[in-house]
Amino acid sequence: GEKITLLLAPAFEANYPDEYEKYLGILKAAGANRIISVSFGADITTWAYISYLKQTGKTGLISQPCPAIVNYIEKYQPELIPQLVPLHSPMMAEAIYLKKYQGVKEDLVFLSPCIAKKSEISDENNKGYISYNVTFDHLMEYMKKHNITGPSARDEIEYGLGSVYPTPGG
């Protein structure tokens, strides 16, 4: 019953190419005020990485859009922490952009392929920008179990180069 803005991992369309618009329509009908692809956040992150590398001249760094890798390094390989690029993931870049610069007031919900995003979302350093993480599998299981249907819809932001993040080599 609450209005939300849904942040959509770019992998959603790749995982559900024939059902993509149907599922987005169901989510829109269920109360998603906006549905925004995180591919724009990936564009922000890519720009920030390029700027960081140019400014610092550092090499051999580890990108950190994957919280499972970051958690592993923090717990089991802490000597690698200095190699982590100190920038936000595409998900967080998008959330910060929406809250700070677009004035989005409602809760942000991230629809992702990865349960590990929960640790990034709940990290106290991320200031509660995102309220919930829902995995693709959980959402699909719920929709199929309850036979939920609705009209078709698309996400609201044009895909930039960030849409290649979920592809091999992205």
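Everything here concerns the structure above.
Residues numbered from 1 in each chain as written. Predicted model: local features only at pLDDT ≥ 70, side-chain atom pairs only at ≥ 80, totals over all residues. Heavy atoms only, no water.

Turning our attention to the overall build of the protein chain. Across its full length, the protein chain holds 7 helices and 4 strands. Helices and strands in the protein chain line up, N terminus first, as β-α-α-β-α-α-α-β-α-β-α. Buried residues in the protein chain amount to 40% of all 170 residues. Long-range contacts, defined here as pairs at least 24 residues apart, represent 73% of the contacts in the protein chain between residues at least 6 apart. Carbon and sulfur atoms make up 54% of the accessible area of the protein chain, which amounts to about 9800 Å² in all. (Helix = DSSP H or I, 4+ residues; strand = E, 2+ residues; numbered from the N terminus. Buried < 20%, exposed > 50% of the residue type's maximum accessible area, 1.4 Å probe, protein only. Contact = heavy atoms within 4.5 Å. Areas by Shrake-Rupley, 256 points an atom, 1.4 Å probe, with all protein chains shown as cover.)

In this section: the side chain of Ser37. Inspection of the secondary structure puts Ser37 in strand 2 (residues 32-37). Using a relative accessible area of 0% as the deciding quantity, one classes Ser37 as buried.

Quick look at the packing of aromatic side chains now. As enumerated under the stated definition, the model contains 8 aromatic pairs in all. Ring centres of Phe12 and Phe136 lie 5.1 Å apart, and the angle between their planes is 75°; this geometry places the pair in the edge-to-face category. On the criterion of sequence distance, the pair formed by Phe12 in helix 1 (residues 11-15) and Phe136 in helix 7 (residues 136-145) is long-range, its members being 124 residues apart. Each member of the pair, Phe12 as well as Phe136, is classed as buried. Summarising the aromatic geometry, the rings of Tyr16 and Phe136 are spaced 5.9 Å apart at their centres and angled 75° between planes, so their arrangement reads as edge-to-face. Of this pair, Tyr16 sits in the loop between helix 1 and helix 2 (20-29) while Phe136 is found in helix 7, placing the two residues 120 residues apart along the sequence. We note that Tyr16, like Phe136, is buried. (Phe/Tyr/Trp six-rings, centres within 6.5 Å; stacked < 30°, edge-to-face > 60°.)

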